[in-house]
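Letter by letter, the chains look like this.
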Amino acid sequence: MLTRRQSLGLLAAGFPALHLRAKAAPSLAPKPLVFAHRGASALRPEHTLASYARAMMDGADFIEPDLVMTRDGHLVVRHESNIVGTTDVSERPEFASRHRSLKIDGRIETGWFTTDFTLAELKTLRARERLSTIRVHNTRYDDHFEIPTFEEVIEQVAAQSAATGKVFGLVPEIKHSTYFNSLGLNPEAAFLQTIAAHNYTRQAPLELQSFETGNLGRIRADVLSINPQARLMLLMGERKDVPPDLLAAGQKTTFGDLMTPEGLKDIRRYADVIGPSNTDLIPRDSNGAWLEPSSLVTDAHRAGLLVHSYTARPENHFLPAQLRNNAGDAARNPDGMVAELRRYLDMGIDGFFTDDPALGRRAVDGRS
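Residues numbered from 1 in each chain as written. Predicted model: local features only at pLDDT ≥ 70, side-chain atom pairs only at ≥ 80, totals over all residues. Heavy atoms only, no water.

Asks: Account for the layout of surface pockets, with residues named and values stated.
Replies: When its volume is computed, the largest pocket comes out at roughly 1,100 Å³. Every residue lining the largest pocket is counted, 41 residues in all, and those nearest its centre are H79, F211, G237, E238 and Y310. Mapped onto the lining of the largest pocket, the elements with two or more residues apiece are β6 (107-111), β8 (173-174), α9 (244-248), α12 (278-281) and β12 (306-312). (1 Å grid on protein atoms, 1.4 Å probe; cavity = no way out; pocket = protein on both sides within 12 Å on 5 of 7 lines; lining within 4 Å. Points joined across faces, edges and corners; volume = space filled by probe spheres on them. Helix = DSSP H or I, 4+ residues; strand = E, 2+ residues; numbered from the N terminus.)

Asks: Summarise the side chain of R220; cite the residues concerned and give the values.
Replies: Relative to the helices and strands, R220 is located in helix α8 (residues 214-226). Aside from chain neighbours lying at most four places away, what touches R220 is L232, R268, R269, Y270, A271 and D272. (Contact = heavy atoms within 4.5 Å.)

Asks: Any details on the pattern of salt bridges? Residues and values, ideally.
Replies: This model, assessed by the stated rule, comprises 31 salt bridges. R135 is the salt-bridge partner of E315, the closest N and O atoms lying 2.7 Å from each other. Of this pair, E315 sits in the loop between β12 and α14 (334-347) while R135 sits in the loop between α3 (119-122) and α4 (150-164), and the two are 180 residues apart along the sequence. With respect to class, E315 is no different from R135; both count as buried. Two residues, R220 and D272, come together in a salt bridge whose shortest N-O distance is 2.8 Å. Here the residue R220 occupies a position in helix α8, and D272 occupies one in the loop between α11 (261-267) and β11 (273-275), the gap between them amounting to 52 residues. The same class applies to R220 and to D272, which are both buried. (Salt bridge = Lys/Arg side-chain N within 4 Å of Asp/Glu carboxyl O. Buried < 20%, exposed > 50% of the residue type's maximum accessible area, 1.4 Å probe, protein only.)

Asks: Pulling in residues and values, what's your account of the side chain of T311?
Replies: Relative to the helices and strands, T311 is located in strand β12. Note on T311: relative accessible area 14%, which makes it buried. Once you skip the residues sitting within four places of it in the chain, T311 turns out to touch H37, N278, F353, T354 and D355.

Asks: Could you give me a rundown of the packing of α14 against helix α15 (residues 357-365), with the residues and numbers involved?
Replies: Viewed as axis vectors pointing N to C, α14 and α15 meet at an angle of 50°, and their least axial separation amounts to 9 Å. Relative to α15, the element α14 is oriented oblique. For α14 against α15, the interelement crossing comes out right-handed. In this structure, α14 uses P334, D335, M337, V338, L341, R342 and L345 to contact α15, whose residues at the interface are L359, G360, R362, A363 and V364. (Axes fitted to C-alpha atoms, helices over the stretch in contact; angles between N-to-C directions. Parallel < 35°, antiparallel > 145°, perpendicular 65-115°, else oblique. Left-handed = near helix turned anticlockwise from the far one by under 90°.)

Asks: Hey, could you go over α8 for me, with residue numbers and the actual values?
Replies: Between its first and last C-alpha, α8 extends 19 Å over 13 residues, near the 18 Å set by a 1.5 Å rise per residue. Of all the residues in α8, the buried ones are N215, L216, I219, R220, V223 and I226. Residues of α8 that are buried make contact with β8, α5 (177-182), α6 (187-197), α7 (199-203), β9 (207-210) and β10 (231-235). (Expected span 1.5 Å × (residues − 1).)

Asks: How would you summarise α6 if you had to cite specific residues and measurements?
Replies: When we look at burial in α6, the residues that qualify are P187, E188, A190, F191, L192, T194 and I195. N-cap assignment for α6: the residue whose side-chain oxygen lies 3.2 Å from the backbone N of E188 is N186. (Polar contact = N/O pair within 3.5 Å; in protein donor to acceptor, adjacent residues only side chain to side chain.)

Asks: An account of the packing of aromatic side chains is requested, with residue identities and associated values reported.
Replies: Taken as a whole and judged by the stated rule, the model has 8 aromatic pairs. With a centroid separation of 4.9 Å and an interplanar angle of 40°, the aromatic rings of F35 and F62 are classed as tilted. Here F35 is found in strand β1 (residues 33-36), whereas its partner F62 is found in strand β2 (residues 62-63), with 27 residues between them in sequence. For F62, a relative accessible area of 1% puts it in the buried group. Considering the side-chain rings of Y179 and F180, the 5.8 Å spacing of their centres and the 55° angle between planes classify their relative orientation as tilted. Neither Y179 nor F180 differs from the other in exposure class; each is buried. The rings of F35, F62 and F353 are connected pair by pair, giving a single aromatic cluster. When the ring centre of F117 is taken as origin, the NZ or CZ atom of R98, which lies over that ring, is 5.0 Å away. (Phe/Tyr/Trp six-rings, centres within 6.5 Å; stacked < 30°, edge-to-face > 60°. Lys NZ or Arg CZ within 6 Å of the ring centre and 35° of its normal.)

Asks: Requested: an account of the pairing of β1, with residues and values cited.
Replies: Residues L33 and F35 line one face of β1 and the alternating positions V34 and A36 line the opposite face, and both faces are buried. Direction of pairing for β1 relative to strand β13 (residues 351-354): parallel, over a ladder of 4 bridges. Counted as the bridge partner of A36 is T354 from β13. Sheet topology note: the β1/β2 ladder contains 2 bridges and is parallel. Bridged to A36 within β2 is I63. (Pairing = 2+ DSSP bridges.)

Asks: Hey, could you go over the confidence of the model for the chain for me, with residue numbers and the actual values?
Replies: Taken over all residues, the pLDDT of the chain has a mean of 93, while the share at 70 or more is 92%. Confidence drops under a pLDDT of 50 for residues 1-25, and excluding neighbours within four residues, the segment shows 49 contacts in the predicted structure. (pLDDT = per-residue confidence, 0-100.)

So this is what it looks like as structure tokens:
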């Protein structure tokens, strides 16, 4: 007979055939989930169909498309509305006049923005590697792939699921909600319309993310009416920062406030999961070395929240100082990333985002 914790975990994970980890600290999920962060972005340019295909081949449980809006109201997949660092737009003379500066989520950004383009115009651009000095190997794929729509990602995941017999979850993030709504665009309505229109997203594991609090509360019931097994995740920014919707409303509640036991209880009203950074689990000093772990995982579980942390990356540049090797800042260090993840897993996290799902799979499955 299942224990209460096991029953909660089976319900939370959305996968019927998962098993409990024997050595992990208490977790609300039966087996931690591997979320492909922008696809397999350590191996292919982020948010391309090639990156998602590689992630599914490499054992990801969930695929992450970040969602931004076009001028004509379509959802396309980019990490932010500013596409200067992830496309060839700066080399396209026909779009030179659209270069400008905007204030988004309280910060001034300069570049080219999806809201100044129609979907047809964006489809003429080509994707490029964001971290070109660290992931030089990915630059060989520059200009090979177009910007996908949310619908195209859903169709790709559904096709791969049908071909392999494995059910892949989707973990989309609505970006810049308050900003887009200020322009008269409605990413929440577009998201709901899209997931309702596809058989796959009405049935497959689905976890909606946002760094904003208000939009999760507004559409929670609608999401669950379309896909009853869906979960909602509040992503956690820097502890000193105010969530963009609260900032726009003149409020002062910070992400740090939301990470307290009282704040976590409040989050549980509208979300099922928190998505903290790995440095919220174990802070680092000015040299990047691990300090003492926080109590965030335990506190979140006590509030009834799952914990899906971000982002595990395989290069020395991103690893805690204790796990880096001598191969150089940009060098891949697979053993270091696996060791980092296993420490978080032993703290009881329920899942994690990674740029290299094959290594994430190795960490979860206990392979050397």
